Amino acid sequence: MARVSDARGTIESDARAARRKAMVKVEVPVINKTARAFRDAHFPGVDDATWNDWRWQVRNRLSTVEDFRRMLGVNALEAEAIAMQGLRLPVAVTPYYASLLTGLDCSEALRRCVIPAAAELDRSYGECGDPLAEDHDSPVPGIVHRYPDRVLFIATDICSTYCRYCTRSRLVGRKETRALRTRVWDQAIDYVRRTPQVRDVLVSGGDPFLLPDSALEYILSRLRAIPHVEMLRLGTKTPMVLPQRITPALVRMLKRYHPLFVSIHCTHPGELTPEAGQACARLADAGIPLGSQTVLLSGVNDNTETMLALMRGLLKNRVRPYYLYQCDQVEGTAHFRTPLSRGIEIMRGLRGFTSGYAIPHFVVDLPGGGGKTPVLPEYFQGRDGDELIFKNYEGREFRTLDPLPSADTDADRR
Ligand code: SF4
């Protein structure tokens, strides 16, 4: 029998080493204390395996006034807004995410993200159903082709939990049939195949992780087989709202389609639970680079302290902060929007005060299809002769040499 020696010089058999490795790999899904208490109070008799079954989580989402009243104690205005669901955007919250809305400091912020407010039914100046004009840039159903070398592939209309500020509220939650979906996918894949400049495909929705593994693999395998497609991306909120979906079987499948990136939509440090951490770890362990996307939301994350905690927390979970978005002008979301100056102030509070890796790009996705446009605090103050003037992260002034080209130098070049 072959024997191996570990770093401490102890000896173990190959078979024992293999058994030990296998044991390490069979991870037990975690359930945090608050979620367990919520489950026991509202879903008595549901065992760990059932609670950790993502399909059970989807089937048992909170969606009626009665569900919310019984489990979360909504007020009269919230109840009225929930009752009007469907007018703009469906209401649904996984039991797991609902468990985060009780008894925590952050619960008010998280509630605001998923429980409708009466203000949602108002339409404010400048708002519309499709503020980014995605429909205008859609050459075939299921594709948005705005930038030169990449496309958005809308794989599904379904999400497990509906964010009240969703930019695609005009599309999501419509319950399309599998046959219709497959027809749309085939057309979209065909568009990518006959458009050679497309080297990057972002598969999003809705939430693509709401599709069964086989359906998601149908899309990924066909896209991966197109020679000019160099990379695939998935845009999802699942690790934050339904971490149970990130199963070992799913990540085994995803691993077959590298280079594959996952952009995770996160809103608040309260979402970074042990369950979310485990979901991120599974994806990261499969070699999938993880990035984050966060919408700046009034009353949720619009202060430096919360944003710093979120960005640092993401890095601890191996997610690289990627984008911080100014909230789009989608109808019914005025109560979420902050002045642009708030975002700039938050960015000023991050840069220099924490690792560069924790700094996202703050962008405005310009209405009418102008695209993502970065916004930065002003550090460059101007020029004084041969010197450039900057203010650093502490607001102190510094100068650096940047000689103006002289007439001699210009002559030499000619
Ligand atoms: S997960 Fe994304 S697509 Fe779904 S409701 Fe939230 S923002 Fe919209």
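Every chain's residues receive numbers from 1 upward, in the order its sequence appears when written. A pLDDT threshold of at least 70 governs which residues receive local features in this predicted model, and a stricter bar of 80 or more applies before side-chain atom pairs are shown or counted, although totals over entire chains, interfaces and linings include all residues.

A word on the UniProt feature "binding site: [4Fe-4S] cluster" (unreviewed entry) in the protein
Phase 1: UniProt positions are given in the numbering used here, feature names are shortened, and annotations may be inferred rather than shown by experiment. Under the UniProt annotation, "binding site: [4Fe-4S] cluster" (unreviewed entry) lies at C159, C163 and C166.
Phase 2: What counts as a helix is a DSSP run of H or I of at least four residues, what counts as a strand is a run of E of at least two, and both are numbered from the N terminus. Along the polypeptide, C159 turns up in the loop between strand 4 (150–154) and helix 9 (178–193).
Phase 3: With 27 C-beta atoms counted inside 10 Å, the residue C159 sits in the buried group.
Phase 4: Note that contacts rest on C-beta atoms placed from the backbone: two residues are in contact if these are within 7 Å. Setting aside residues no more than four positions away along its own chain, C159 makes contact with V172, G173, G205, G206, D207, L210 and K237.
Phase 5: Residue placement: C163 occurs in the loop between strand 4 and helix 9.
Phase 6: Of the residues examined, C163 has 21 C-beta atoms within 10 Å and is grouped as buried.
Phase 7: Setting aside anything within four residues of it in sequence, one finds C163 in contact with C113 and V114. For every residue, the other C-beta atoms within 10 Å of its own C-beta are counted; 20 or more classify it as buried, 12 or fewer as exposed, and values in between as partly exposed. C-beta atoms are placed from the backbone.

Notes on unusual backbone geometry
Phase 1: A cis amide bond, omega 15°, links G205 with the succeeding residue G206.
Phase 2: Assignment of secondary structure puts G206 in the loop between strand 5 (200–204) and helix 10 (213–224).
Phase 3: In this structure, A133 is a non-glycine residue whose phi angle is positive, near 50°.
Phase 4: Its location among the elements puts A133 in the loop between helix 8 (107–114) and strand 3 (143–144).
Phase 5: Residue class for A133 comes out partly exposed when judged on the 16 C-beta atoms lying within 10 Å of it.

Describing the site of the ligand
Phase 1: We call a residue near a molecule or strand if the C-beta atom, set from the backbone, is within 6 Å of it. In the vicinity of the ligand, the contacting residues are C159, Y162, C163, C166, R168, V172, G205, G206, D207, K237 and H265.
Phase 2: Residues are grouped as follows: nonpolar covers Ala, Val, Leu, Ile, Met, Phe, Trp, Tyr, Cys and Pro; charged covers Asp, Glu, Lys and Arg; every other residue, Gly included, is treated as polar. Grouping the constituent residues of the shell around the ligand by class yields 5 nonpolar, 3 polar and 3 charged.

Examining the nonpolar core
Phase 1: Structurally, a nonpolar core is described as a collection of buried Ala, Val, Leu, Ile, Met, Phe, Trp, Tyr and Cys residues joined by way of C-beta atoms within 7 Å. V114, V151, F153, Y162, V192, V201 and L223 are the most contacted members of the largest nonpolar core, which has 88 residues in total.
Phase 2: Ranked by residue count, the leading element in this core is helix 9, at 5 residues.
Phase 3: Sequence-distant contacts of V151, defined by excluding residues within four places in its chain, comprise I143, V144, H145, V192, V198 and V201.

Some details on the packing of helix 14 (residues 304–316) against helix 15 (residues 340–350)
Phase 1: Helix axes use the C-alpha atoms of the stretch in contact, all axes being lines fitted to C-alpha atoms, and the angles between their N-to-C directions lie in the range 0 to 180 degrees. Relative to each other, helix 14 and helix 15 sit at 55°, their axes nearing to 9 Å. By the angle between their axes, helix 14 is oblique relative to helix 15. Where helix 14 crosses over helix 15, the two elements pack in a sense that is right-handed. Every residue of helix 15 that contacts helix 14 at T304, M307, L308 and M311 is listed here: I346, G349 and L350.
Phase 2: Taken together, the residues of the contact of helix 14 with helix 15 sort by class into 5 nonpolar, 2 polar and no charged. Here is the rule for angles: anything less than 35 degrees is roughly parallel, anything more than 145 is roughly antiparallel, 65 through 115 is roughly perpendicular, and the remaining ranges are oblique. Throughout, a crossing is termed right-handed when the near helix is turned clockwise from the far one, and left-handed when it is turned anticlockwise from it by less than a right angle.

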